[in-house]
Amino acid sequence: MTANLRFVTHAAEGDPHVTLDEAMQAYGAGDYTTTIEELALLPPSDTALFFTGISQEQLGQDASTALQAVAQRSDSRYCDKANYHLLLQALRANDHTAAERQWKEQMAVTGHPYRAQLEAIGDKAGWKR
């Protein structure tokens, strides 16, 4: 499948819509390396940065730069999700002070897309709002 993806990429080089579509197809197929490579061809939009960060996470790479760039864009539809993944990174790094601070900030977000997961994390850690 990767070989076909490469053929299409070169045939449609320069069309950002095609490149984004290919990146999302690779992401959906679990091909995170190709996802990152394809998204690197695009301008650093919140979509490109978010899925780059998530793909880096899946590969065990440091995703903080991409996710922090999205988290700083308060108008991004991926802002809350990026913050959630930064919280997970803090937990994996055993930085409980930063994780608890991030958790409290996210719990204050009305309609957070990962509310149930945040509540479960807080319950397990014994954090109070």
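Here the structure is shown first, and the text comes after it.
The rules behind the values
- Residues numbered from 1 in each chain as written.
- Predicted model: local features only at pLDDT ≥ 70, side-chain atom pairs only at ≥ 80, totals over all residues.
- Heavy atoms only, no water.
- Helix = DSSP H or I, 4+ residues; strand = E, 2+ residues; numbered from the N terminus.
- Buried < 20%, exposed > 50% of the residue type's maximum accessible area, 1.4 Å probe, protein only.
- Contact = heavy atoms within 4.5 Å.
- Areas by Shrake-Rupley, 256 points an atom, 1.4 Å probe, with all protein chains shown as cover.
- Salt bridge = Lys/Arg side-chain N within 4 Å of Asp/Glu carboxyl O.

(A) The arrangement of the overall build of the protein in detail. For the protein, the count of helices and strands is eight helices and zero strands. Written out in order from the N terminus, the α and β elements of the protein read α-α-α-α-α-α-α-α. Counting across all 129 residues of the protein, residues that qualify as buried make up 42%. When contacts within the protein are restricted to residue pairs at least 6 apart in sequence, those whose partners lie at least 24 apart make up 43%. Carbon and sulfur atoms make up 51% of the accessible area of the protein, which amounts to about 7500 Å² in all.

(B) How the structure looks around helix H3 (residues 32-39). H3 sits mainly inside the fold: six of its eight residues count as buried. All buried positions along H3 are accounted for by Tyr-32, Thr-34, Thr-35, Ile-36, Glu-38 and Leu-39.

(C) Spotlight on the pattern of salt bridges. What the rule picks out here adds up to three salt bridges. A salt bridge links Lys-104 to Glu-100; the nearest nitrogen and oxygen atoms lie 3.5 Å apart. Linking Lys-104 with Glu-100, this pair stays in helix H7 (residues 96-107), spanning four residues, or about one helical turn. Its relative accessible area of 24% is what places Glu-100 among the partly exposed residues.

(D) Quick peek at the side chain of Thr-19. With respect to the secondary-structure elements, Thr-19 resides in helix H2 (residues 16-28). Exposure remark for Thr-19: the relative accessible area of 7% places this residue in the buried category. Sequence-distant contacts of Thr-19, that is, excluding residues within four places in its chain, are made with Glu-38, Leu-41 and Leu-42.

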